[in-house]
Amino acid sequence: MGIIETKDLDLYYGNVQALKKINLNIKANNVTALIGPSGCGKSTFLRTINRMNDLIDSVRIEGEVLFEGKNIYKDFDEIHLRKRIGMVFQRPNPFPMSIYDNIAYGPRIHGIKNKGKLDEIVEMSLKGSALWEEAKDRLKKSALGLSGGQQQRLCIARTLAVEPEVLLMDEPTSALDPISTLKIEELMDELKKQYTVIIVTHNMQQAGRISDETAFFLTGEVVESGKTEDIFYKPQDKRTEDYITGRFG
Amino acid sequence: MSSKSKDKIATIVLYILSLLVVFLLVSFIGYILYKGSSSLNFKFIFGNPKSSEAGGGIGPMFFNSFYLLIVTLILTVPLGVGAGIYLAEYAKEGKVMNIIRLCIDTMSSLPSIVVGLFGLLVFVQLSKWGYSLIAGALAITILNLSSLTRVSENAIRAASSGVKEASVGLGATQWQTIWKVILPTAMPQILTGVILSSGRIFGEAAALIFTAGSSTSILHFNELSLIGKHSAFSLFRPTETLAVYIWKVNSEGMLPDATKVANGASAVLILMVLIFNFSARIIGRRIHRSFTGSK
Amino acid sequence: MNKRSLASRIKNEYIGKAYATICGLFIIFLTLSIIFFIASKGLSTFIKDGHSIYSFIFSGTWKIDDMGVNSKFGPLIFITGSTIIAIGAVIISTPLGIALAIFMNMISPKLGEKILQPSMELFVGIPSVVYGWIGISVLVPVIKSLFGGIGISALAGIIVLSVMILPTITSIASDAIKTIPKDYIEASYGLGATRWQTIIRVIIPAAKSGISTGVVLGLARAFGESLAVQMVIGNSISFPKGILGTTSTLTSYLTMNMGDSVFGTPNNDALWSMALLLLVISFIFILIIRVIGKRGEVK
């Protein structure tokens, strides 16, 4: 049983079905990549896991999503769920506050007020996202003064600050330059020691480089999933093979 | 006439018209300031008015205008910002939202005298408060509510995109997100709107004649009660403001130096409006700069 | 612990949401009360004092009897007064406003943004009493010396009002012009048209519904203005004898007389009926604007 499991997950936007009978098992302390052409449900699936889809009125979900064996709707409060399953978005979205306050935001929301503890958390999170050296002397300055790549690492640190167990990353490097992208990819190996990472990416090479497991999405279904080397070098389904070899997508 | 020459003539005419309009504005303001300049002294601005002799000042009315402004803002800002939050973040598209928008349109197009008369009916007579500052403040709140709501709603929508997901993703509730991230970001825009409203409130008269009244007693500043009839800070006393005074002086015609007084009072009024306008621009620019990435 | 306590929910979510919702719903409550109170007071002229609505709207006689017993209430004079100066003001400001909007957007956007735009904002900021005061101390003597008579006149009212509604018409017309797709303009230039031809044949027709909205809004404001008008039009209870004659409007009459009349008497009730009339006229304007807006969208 994986740390996250979905059973016959269906998702509808109004009358349009965006996810069809998804059955996926996400292994703990692994990096799992979700690949596939644009618009086929990868991000929608990702957002289901931390109930971000709740924000959209027209969404209807059937089937089950389990986190550590428990149903994320029935057994969890969405606030607590999101503390344990964090998310990094495609475009860096730091709050218009200082770097320190950005990272302390999450812990403060969840009740931590002690300055010493917050200082610790800020340092630990920035180190965890490889931003500490660049940021430690400007913690009180506005986060909006950082470069794009730095801002994204700030967003990762911000997510780490609430001490989640799972990290959901929705195309985290697609808006960044190659060097920043590389820095973040290097992070993945470190991150998976402590966290479970699920990353949506439309960059196949990236998926091949950093992930242990891969799931291939096509028009709302999971065509194939398994170890990354298997998917890339010995795909079972012809559609997977076509996508991997670049015949479409 | 060739189309090219028509084009040239039209362009010249438009330039002239625009220049004329700007000139008109400058001369309005210049005229008032010039005519009233002789009255811009301490004795006039802070002195007490006379009822039928020359030499009176506008002290109490000046104070009244400010005090009324403050009380009105205390009422209007929480209401307007709250309604803006509701429309931007909580209301669902549909009947209720459409009705609220219709109400906002309606309120914003009410003639100010009609609002004043409503105030007369409800805040003066029904409530038995008589002509009072609180009645005036409530009436002006009605006048300004729709514009402040609109400004707040727009500011909140703009501030919300992008950061809302990040905040919710970290486990914050919607309200926490609004209070800790969105509102602070929207503040400059809302503040600018509040300052601009202040300019309008300061100059408002039609809605006040029948609510705050067109008379004022001698003010005692040493009494601090909010209720007594003679305390300067009382909410329940008639409160003639500067703008109303200008109108009264002109329509009653009992002062021999009515023209001088009206000019002086108008000059003070226009100066205050100018100050409000410029402050709004400057503050808006400053805060915006400090927010968007100072290294 | 996987679920939050009730106390934490209340503090972090419910109180804030309740506050915002109450504010939102309060707006509906407020609007309805305004309508309710003014309507019930205004209708008492017909219900309590027994005057007929028909003669209220159509007869032109307005005679106030001290006891109120034999008064005749026909505010047609005031309705006419309001209409004349409102339409007069719109006739002057609309071409001017459109011209300014065109200047700001097509001829010199730089000057428009730096000088004209702030000027419009300042114009709006000038309180109406000050407009009235300038009207009486400057405009009226000018009219008097140019045309004779006493200067206080419907013409003075029209001129003062046109300056007051100019910013409204200009800014709405300017917004309408801004939303015209660049493609239209470039197509016109591409066919060899001059700027002026483009303005007349492409831009103004395309911005028609926006401009009409501005005009109607300006008209509505002109109808609703009270103090500035009251100070310069003479307040005589008669139809104006030509544009230099004096008259009254709905708003000016209310301003002058509500303070004097006694609450509860038929004379006073009639004033409230006039207030109700003003309310109804505002609604009509809102409806017109919505209809124009919808038509414009369909295009």
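Residues numbered from 1 in each chain as written. Chains lettered and ligands numbered in written order. Predicted model: local features only at pLDDT ≥ 70, side-chain atom pairs only at ≥ 80, totals over all residues.

K.L.:
Would you mind showing me how to read the overall build of chain B here?
P.N.:
The secondary structure content of chain B amounts to 10 helices and 0 strands. Mapped in sequence order, the helices and strands of chain B form the string α-α-α-α-α-α-α-α-α-α. A fraction of 74% describes how many contacts in chain B between residues 6 or more apart in sequence connect residues 24 or more apart. (Helix = DSSP H or I, 4+ residues; strand = E, 2+ residues; numbered from the N terminus. Contact = placed C-beta atoms within 7 Å.)

K.L.:
Even after reading the chapter, I still don't get the overall build of chain C, so can you show me in this structure?
P.N.:
Helix and strand counts for chain C stand at 12 helices and 2 strands. Taking 19 Å as the expected radius of gyration for a compact globule of 299 residues, we find that chain C reaches 24 Å, considerably beyond that expectation. Principal-axis analysis of the C-alpha atoms gives chain C an extent of 80 × 70 × 35 Å. The buried share among the 299 residues of chain C stands at 45%. If you take every contact in chain C between residues at least 6 apart in sequence, the share linking residues at least 24 apart comes to 72%. (Rg over C-alpha atoms; globule rule 2.2 N^0.38 Å. Buried ≥ 20, exposed ≤ 12 C-beta atoms within 10 Å, placed from the backbone.)

K.L.:
Just to check I follow, could you spell out the packing of helix H3 (residues 59-90) of chain B against helix H1 (residues 6-47) of chain C for this structure?
P.N.:
A pair of packed helices is characterised by two quantities: the angle between their axes and the separation of those axes. Running from amino to carboxyl end, H3(B) crosses H1(C) at an angle of 105°, the nearest separation of the two axes being 7 Å. Accordingly, the angle class assigned to the pair H3(B) and H1(C) is roughly perpendicular. Counted together, B:Leu79, B:Gly82, B:Ala83, B:Ile85, B:Tyr86, B:Leu87 and B:Tyr90 of H3(B) and C:Lys17, C:Tyr19, C:Ala20, C:Thr21, C:Cys23, C:Gly24, C:Phe26 and C:Ile27 of H1(C) form the full contact between these two elements. Of the residues contributing to the contact of H3(B) with H1(C), the split by class is 11 nonpolar, 3 polar and 1 charged. (Axes fitted to C-alpha atoms, helices over the stretch in contact; angles between N-to-C directions. Parallel < 35°, antiparallel > 145°, perpendicular 65-115°, else oblique. Nonpolar A, V, L, I, M, F, W, Y, C, P; charged D, E, K, R; others polar.)

K.L.:
Sorry, what's going on with the interface of chain C and chain B here?
P.N.:
Interfaces are often sized by the accessible area lost when the parts come together. Taken together, the contact between chain C and chain B spans 61 residues of the former and 66 residues of the latter. In the side of chain C that touches chain B, the residues fall into 40 nonpolar, 16 polar and 5 charged.

K.L.:
When you look at the sheet that holds strand E2 (residues 16-26) of chain A in this model, what are you seeing that I'm missing?
P.N.:
Backbone hydrogen bonds hold the strands of a sheet together, and the pairing may be parallel or antiparallel. Residue and element names in this part refer to chain A. Read across the sheet, 4 strands follow the order E2-E1-E4-E5 without closing on themselves; strand pairing throughout is antiparallel. What marks the edges here is a single partner per strand, and that holds for E2 and strand E5 (70-71). Sheet analysis places strand E1 (residues 4-13) next to E2, joined by 7 bridges and oriented antiparallel. Counterpart to Leu9 in the pairing with E2 is Ile22. (Pairing = 2+ DSSP bridges.)

K.L.:
Sorry, what's going on with the sheet that holds strand E3 (residues 31-35) of chain A here?
P.N.:
Residues and elements named next belong to chain A. One open sheet holds the 6 strands; their spatial order is E6-E7-E8-E3-E9-E10, and the pairing between them is mixed. Taken across any chain shown, the strands that pair with only one partner, and hence form the sheet edges, are strand E6 (85-88) and strand E10 (221-227). Pairwise comparison of adjacent strand axes, ignoring direction, gives a mean angle of 15° for this sheet. Pairing geometry for E3 and strand E9 (residues 213-218), over 4 bridges, is parallel. Bridged to Ala33 within E9 is Thr214. Across the sheet, helix H6 (residues 148-160) touches E6 and strand E7 (166-170), and the angle it forms with E6 is around 170°. In this fold helix H7 (residues 178-194) packs onto E3, E7 and strand E8 (196-200), with an angle of close to 140° to the strand it touches most, E8.

K.L.:
Before we go on, may I ask you to explain the packing of helix H3 (residues 76-107) of chain C against helix H11 (residues 250-257) of chain C in this structure?
P.N.:
Residue and element names in this part refer to chain C. Contact pair H3 / H11: the axes reach a minimum separation of 7 Å and the direction vectors enclose 125°. Judged by the angle between their axes, H3 and H11 are oblique. Of the residues in H11, those touching H3 at Phe78, Ile79 and Ser82 are Leu250, Thr251 and Tyr253. Split by residue class, the contact of H3 with H11 holds 4 nonpolar, 2 polar and no charged.

K.L.:
What exactly am I supposed to notice about helix H5 (residues 112-126) of chain B here?
P.N.:
In an α-helix there are 3.6 residues to a turn, and that puts residues three or four apart on one side. Residue and element names in this part refer to chain B. Between its first and last C-alpha, H5 extends 20 Å over 15 residues, near the 21 Å set by a 1.5 Å rise per residue. Of all the bends in H5, the greatest, near 30°, is centred on Gly119. Most of H5 sits inside the fold, with 12 of its 15 residues counted as buried. Regarding H5, the residues found buried are Ser112, Ile113, Val114, Val115, Gly116, Leu117, Phe118, Gly119, Leu120, Leu121, Phe123 and Val124. Where H5 terminates, the next one or two residues include Lys128, which has phi positive at roughly 60°. (Expected span 1.5 Å × (residues − 1). Bend = angle between axes of the 7 residues up to and from the residue.)

K.L.:
What is the right way to read the pairing of E7(A) from this model?
P.N.:
Regular strands have side chains that alternate between both faces of the sheet. Residues and elements named next belong to chain A. With 5 of its 5 residues buried, E7 lies for the most part within the structure. On E7, burial covers both faces: Val166, Leu168 and Asp170 on one face and Leu167 and Met169 on the other are all buried. By the bridge criterion, 4 bridges tie E6 to E7 in an arrangement that is parallel. Paired with Gly86 across the two strands is Leu167, which belongs to E7. As paired strands, E7 and E8 are joined by 5 bridges and run parallel to one another. For Asp170, the partnering residue across the bridge sits in E8 and is Val200. With H7 bridging E7 and the parallel E8, this β-α-β connection has right-handed handedness. (Right-handed = clockwise from strand over helix to strand, strands pointing away.)

K.L.:
What exactly am I supposed to notice about helix H1 (residues 3-36) of chain B here?
P.N.:
With 34 residues, H1(B) should cover 50 Å at 1.5 Å per step; its first-to-last C-alpha distance of 49 Å lies within 8% of that length. Here H1(B) has its buried residues at B:Leu14, B:Ser18, B:Val21, B:Leu25, B:Ile32, B:Lys35 and B:Gly36.

K.L.:
What am I meant to see in the environment of C:Tyr54 here?
P.N.:
All names here are of chain C. Structurally, the position occupied by Tyr54 is in helix H2 (residues 53-58). Residue class for Tyr54 comes out exposed when judged on the 9 C-beta atoms lying within 10 Å of it. Taking the C-alpha atoms as reference points, Tyr54 and Ser153, 99 residues apart in sequence, are found 30 Å from one another.

K.L.:
For this particular structure, what's the right way to read the environment of B:Leu226?
P.N.:
All names here are of chain B. Relative to the elements of secondary structure, Leu226 occurs in the loop between helix H8 (174-203) and helix H9 (242-252). When the C-alpha atoms of Leu226 and Phe236 are compared, they prove to be 7.6 Å apart, with 10 residues separating the residues in sequence. Contact partners of Leu226, with chain neighbours within four places excluded, come to Phe233, Ser234 and Leu235.

K.L.:
Any chance you could explain the confidence of the model for chain C here in plain terms?
P.N.:
Caution is warranted with low-pLDDT regions, since their predicted coordinates should not be read in detail. Residues and elements named next belong to chain C. Across chain C, the average pLDDT comes to 85, with 93% of residues at 70 or higher. Least confident of the elements in chain C is strand E1 (residues 62-63), whose mean pLDDT is 68; most confident is helix H6 (residues 154-178), at 91. Model confidence for the complex: the whole-complex pTM is 0.85, and ipTM, which rates the interface, is 0.87. (pLDDT = per-residue confidence, 0-100.)

K.L.:
I keep staring at unusual backbone geometry and nothing clicks. Help me out?
P.N.:
Glycine aside, negative phi is the norm for most residues, and most peptide bonds take the trans geometry. A positive phi angle, near 45°, is found at A:Lys21, a position not held by glycine. Here A:Lys21 lies in strand E2. Unlike most non-glycine residues, B:Lys128 shows phi in positive territory, near 60°. By secondary structure assignment, the location of B:Lys128 is in the loop between H5 and helix H6 (133-160). The exposed category is assigned to B:Lys128, around which 6 C-beta atoms lie within 10 Å.

K.L.:
Is there a simple way to think about the pairing of E9(A) in this case?
P.N.:
Residue and element names in this part refer to chain A. Counting buried residues in E9 gives 6 out of 6 residues, a clear majority hidden from the surface. Both faces of E9 are covered, namely the face carrying Glu213, Ala215 and Phe217 and the face carrying Thr214, Phe216 and Leu218. Pairing between E9 and E10: 6 bridges, direction antiparallel. Pairing of Leu218 across the sheet is with Glu221, part of E10. Connecting E9 to the antiparallel partner E10 that follows it, the hairpin turn spans 2 residues, and Thr219 within it adopts a positive phi of roughly 35°.

K.L.:
Where do I start with the environment of C:Phe46 in this structure?
P.N.:
Residue and element names in this part refer to chain C. Its place among the elements puts Phe46 in helix H1. Expressed as a C-alpha distance, the spacing of Phe46 and Asp269, which sit 223 residues apart in the sequence, is 9.1 Å. Leave out the neighbours within four places in its chain, and Phe46 touches His51 and Ile53.

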